[in-house]
There are 2 protein chains.
Amino acid sequence: MKTNLNCFPCLLNQTLKTTRSITDDEGLQLTILKKAMKILDSASIEHPPPTIADQVHAMIRKTANCNDPYEEIKKKYNDVALDKYSKYKGLVAESDDSLKIAIKLAIAGNIIDFGVDHKFDLDETIERVLSSELAIDDYNLFREKILHAKTIYYLLDNSGEIVFDKILIEQILLQNPELKITVVVKGGPIINDVTIEDAYYVGLDRISNITFESVSNGDENTGPQRNSDEFIKKMKKADLVISKGQGNFEALSDEPFFFLLMAKCELVADHLNVDIGDFILKGE
Amino acid sequence: MKTNLNCFPCLLNQTLKTTRSITDDEGLQLTILKKAMKILDSASIEHPPPTIADQVHAMIRKTANCNDPYEEIKKKYNDVALDKYSKYKGLVAESDDSLKIAIKLAIAGNIIDFGVDHKFDLDETIERVLSSELAIDDYNLFREKILHAKTIYYLLDNSGEIVFDKILIEQILLQNPELKITVVVKGGPIINDVTIEDAYYVGLDRISNITFESVSNGDENTGPQRNSDEFIKKMKKADLVISKGQGNFEALSDEPFFFLLMAKCELVADHLNVDIGDFILKGE
């Protein structure tokens, strides 16, 4: 999905929000804002928005000398979601269609996103997903693939959300215990995206069948770009790729993967022909 | 009021909205967006936001070779408001406090603004202003000044809104028939701001006691900047200055003028310590 011109002001808003969470120094905020505009000025809109966002956030971390601006927020939402783990794990277990409920919860968890300009209410979103239909619902095909796959790539998105991914992954392994799952995290902090530390924090590493791989957060030596030819080729060798969230969708929308996300901006909603706030399970 | 860093993404949104109303050519849209970022890069945030906005819109008009991107919208909203003229003129006449009602309507008319990122409902806004209190209400002082003034400067804001300004000006002249009013318009098109053509279109020129003056729209030879020392000095010679709308407030907020506006962005609302959507009559 190529970058829309609307992404330019949106990325400046992200820049401001992130920078203000690091420093009250307006001079430094302005310096960073101007550097963001320089990145936008030289960016190619043929690339997907996250490619530009990666550069912007790498610049913010470097200029503000802050390795992880969202460190506290990530911990907070991991804890918020972990507090809900038992309740929703139980709900999934008791359901007539456990996989479907686990998918819905994993999609609702995608509301915990600090990369888009929105306020959110996790409990309200969970209630809404449980009481409504998915706007795009390729569940039958998804279930079929899960039952017959031997290998899966699972691209995580946000901290907090990862707890609901854990519930889904556990449910997938109940349905198909032989599956090998490669879980993809960011090789370093960017916004509230999941890193290996978050995966460990919520105990994803204690699930057997799982191995981890890292993709780039925009800094050097943090892994390949998720939409590099090299990494896409690797993922395609798996029987199924599950991609969580808007950023992964924007970066990989042309690939034959399964996308689980909530549409949180006009651009993504329009691309999918759905409304903002809609829940999506789309794949082929 | 100095420029806030939030004005940067907001001005890029304005740039996109205006440019898209002129052309579907994405290449030209991108060129204009990049030029806007160059203006922002070299702008001083010590200036009020409209000073930067004037430069951005002048650049858009020049680059897109379009003298008046909002020509149709301005005519549309002048017509929409003219259709309501008799009704609200009657409402003011029948009221126990005609001046107050005319002020409220003139403030509600300020909702017709294409310079901020909002959708609006004129009828709903008028109903709301008539049934609520002003969030800042210096009416008694305003009325006192009106009754004793001999000369007034009245800075207009938007097309459409001008019809409600006409009702207010007519009411002011009923209260003080000897008053001389200098009405300030833009010397050329910028967004949906009032130009002399709009003033003529709604018949403001047919009110005796009124003369017109122009201020700059960002192009050369369209008049002095509204917040230039020269123009402020001139306005201050009048007994009272009435300033309509957010843009004029942002440009002149430090001056001892009366400001009639609706707060339509967080920055202005915070500055006035009110909520977005609040109606303001503030003066000293």
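Right above here is the structure, for reference.
Residues numbered from 1 in each chain as written. Chains lettered and ligands numbered in written order. Predicted model: local features only at pLDDT ≥ 70, side-chain atom pairs only at ≥ 80, totals over all residues. Heavy atoms only, no water.

*Asks:* Please explain the interface of chain B and chain A as it appears in this structure.
*Replies:* A common way to express how large an interface is: the accessible area buried when the components associate. Taken residue by residue, the interface counts 21 residues in chain B and 21 residues in chain A. A buried area of about 1,900 Å², summed over both sides, lies between chain B and chain A, and 62% of it is on carbon and sulfur atoms. Contact with chain A buries area across many residues of chain B, yet L5, M37 and D41 of chain B alone supply 30% of it, more than any other trio. Summed over the shared surface of chain B and chain A, the result is four salt bridges. Note that K2 of chain A is salt-bridged to E26 of chain B, the shortest N-O span being 3.2 Å. Where chain B touches chain A, the interface holds eight residue pairs in polar contact (both at pLDDT 80 or more). Every element with two or more residues in the side of chain B that touches chain A is listed here: α1 (7-22) and α2 (26-42) of chain B. Broken down by element, the side of chain B that touches chain A gets its largest block of residues, nine residues, from α2 of chain B. Considering only residue class, the side of chain B that touches chain A consists of 11 nonpolar, four polar and six charged. (Contact = heavy atoms within 4.5 Å. Buried area = accessible area lost by both parts, 1.4 Å probe. Salt bridge = Lys/Arg side-chain N within 4 Å of Asp/Glu carboxyl O. Polar contact = N/O pair within 3.5 Å; in protein donor to acceptor, adjacent residues only side chain to side chain. Helix = DSSP H or I, 4+ residues; strand = E, 2+ residues; numbered from the N terminus. Nonpolar A, V, L, I, M, F, W, Y, C, P; charged D, E, K, R; others polar.)

*Asks:* Where do I start with the pattern of salt bridges in this structure?
*Replies:* Close approach of charged atoms lets side chains of opposite charge pair. All names here are of chain A. Applying the stated criterion across every chain, the model contains 34 salt bridges over all chains. A salt bridge links K100 to D137; the shortest N-O distance between them is 2.8 Å. With K100 in helix α5 (residues 98-108) and D137 in strand β1 (residues 136-137), this pair connects stretches of sequence that are 37 residues apart.

*Asks:* Explain the nonpolar core to me, please; I cannot follow it from the model alone.
*Replies:* One finds F8 and M235 of chain A together with F8 and M235 of chain B to be the most contacted residues of the largest nonpolar core, which totals 92 residues. Residues contacting M235 of chain B, with those up to four places away along its chain left out, are Y153, L155, R226, V241, L252 and F257 of chain B. (Core = buried A, V, L, I, M, F, W, Y, C linked by side-chain atoms within 4.5 Å. Buried < 20%, exposed > 50% of the residue type's maximum accessible area, 1.4 Å probe, protein only.)

*Asks:* Just checking my understanding: could you explain the pairing of strand β6 (residues 258-262) of chain A for this structure?
*Replies:* Every other side chain in a regular strand lies on the same face of the sheet, so the side chains alternate between the two faces. Residue and element names in this part refer to chain A. Of all the five residues making up β6, five are buried; the element is thus mostly covered by neighbouring parts of the structure. Alternating positions in β6 separate into two faces, F258, L260 and M262 on one and F259 and L261 on the other, with burial throughout. As paired elements, strand β5 (residues 240-244) and β6 share three bridges and run parallel to each other. The residue bridging S243 from the neighbouring strand is F259, located in β6. Once the chain exits β5 it traverses helix α11 (residues 245-252) before rejoining the sheet at β6, and the crossover so formed is right-handed. (Pairing = 2+ DSSP bridges. Right-handed = clockwise from strand over helix to strand, strands pointing away.)

*Asks:* Honestly, the relation of the copies chain B and chain A in this entry has me stumped. Any pointers?
*Replies:* Both copies of the chain are related by a screw-like operation: a rotation about an axis and a shift along it. With an RMSD of 0.0 Å, the fit of chain B onto chain A corresponds to turning through 180° and sliding 0.0 Å along the axis. Taken together, the rotation and translation relating the two chain copies correspond to the operation of a two-fold axis. When each C-alpha of chain B is compared by its distance to the rotation axis, P9 of chain B comes out closest, at 2.2 Å. Comparing interface residues between copies, 100% of those in chain B also sit at the interface in chain A, which points to an isologous, same-surface contact. (Least-squares fit on C-alpha atoms with pLDDT ≥ 70 in both.)

*Asks:* For this particular structure, what's the right way to read helix α2 (residues 26-42) of chain A?
*Replies:* Owing to its 3.6 residues per turn, the α-helix aligns residues three or four sequence positions apart on the same side. Between its first and last C-alpha atoms α2 of chain A spans 25 Å; for 17 residues at 1.5 Å apiece the expected length is 24 Å, and the two agree. Here α2 of chain A has its buried residues at Q29, L30, I32, L33, A36, M37, I39 and L40 of chain A. The inward-facing, buried residues of α2 of chain A abut α1 (7-22) and α3 (49-63) of chain A together with α1 and α2 of chain B. Looking at where α2 of chain A begins, the residue whose side-chain oxygen comes 2.9 Å from the main-chain nitrogen of G27 of chain A is D25 of chain A. (Expected span 1.5 Å × (residues − 1).)

*Asks:* Please clarify how the packing of α2 of chain A against α3 of chain A should be interpreted in this entry.
*Replies:* Two numbers describe a pair of packed helices, the interaxial angle and the distance between the axes. Residues and elements named next belong to chain A. Where α2 contacts α3, the axes come no closer than 10 Å and their chain directions differ by 150°. Here α3 runs roughly antiparallel to α2, going by the angle between their axes. For the crossing formed where α2 meets α3, the hand is right-handed. Residue-level inspection shows L28, I32, K35, A36, I39 and L40 of α2 in contact with α3, the latter providing I52, Q55, V56, M59, I60 and T63. Of the residues contributing to the contact of α2 with α3, the split by class is nine nonpolar, two polar and one charged. (Axes fitted to C-alpha atoms, helices over the stretch in contact; angles between N-to-C directions. Parallel < 35°, antiparallel > 145°, perpendicular 65-115°, else oblique. Left-handed = near helix turned anticlockwise from the far one by under 90°.)

*Asks:* Can you help me understand the sheet that holds strand β7 (residues 279-282) of chain B in this one?
*Replies:* Each strand in a sheet pairs with another by means of backbone hydrogen bonds, the pair being arranged parallel or else antiparallel. All names here are of chain B. What the seven strands build is an open sheet, ordered β1-β7-β6-β5-β2-β3-β4; its pairing is mixed. In this open sheet, the two edge strands, each paired with only one partner strand, are β1 (136-137) and β4 (210-215). The pairing of β1 with β7 spans two bridges and is parallel. By the bridge assignment for β7, D137 is matched with L281.

*Asks:* What am I meant to see in the side chain of E250 of chain A here?
*Replies:* In this fold, E250 of chain A is placed in helix α11. Not counting chain neighbours up to four residues away, the residues in contact with E250 of chain A comprise M1, P48, P49, P50 and V268 of chain A.

*Asks:* Just to check I follow, could you spell out the sheet that holds strand β4 (residues 210-215) of chain A for this structure?
*Replies:* All names here are of chain A. A sheet is described by the order of its strands in space; here seven strands give the open sequence β1-β7-β6-β5-β2-β3-β4, paired in mixed fashion. A single partner strand is all that each edge strand has here, and the edge strands are β1 and β4. Alignment of strand β2 (residues 151-155) against strand β3 (residues 180-186), held across five bridges, turns out to be parallel. Residue I152 lies in a different strand from β3, and its bridge partner there is I181. With respect to the sheet, helix α10 (residues 229-236) is in contact with β2, β3, β4 and β5, its orientation differing from that of β2 by roughly 135°.

*Asks:* Where do I start with helix α8 (residues 161-175) of chain B in this structure?
*Replies:* Across its 15 residues, α8 of chain B extends 21 Å between first and last C-alpha, which sits within 8% of the 21 Å expected from 1.5 Å per residue. Most of α8 of chain B sits inside the fold, with 13 of its 15 residues counted as buried.

*Asks:* Looking at this model, I keep getting lost on the layout of surface pockets. Mind explaining?
*Replies:* A probe as big as a water molecule, rolled over the atoms, marks out the empty space that is left. Residue and element names in this part refer to chain B. When its volume is computed, the second largest pocket comes out at roughly 260 Å³. Lining the second largest pocket are N67, D68, E71, K74, K75, N78, G188, P189, T195, E197, D198 and Y201. Going through the elements one at a time, α4 (71-94) and α9 (196-201) are the ones with two or more residues in the lining of the second largest pocket. The residue makeup of the lining of the second largest pocket, split by class, is two nonpolar, four polar and six charged. (1 Å grid on protein atoms, 1.4 Å probe; cavity = no way out; pocket = protein on both sides within 12 Å on 5 of 7 lines; lining within 4 Å. Points joined across faces, edges and corners; volume = space filled by probe spheres on them.)

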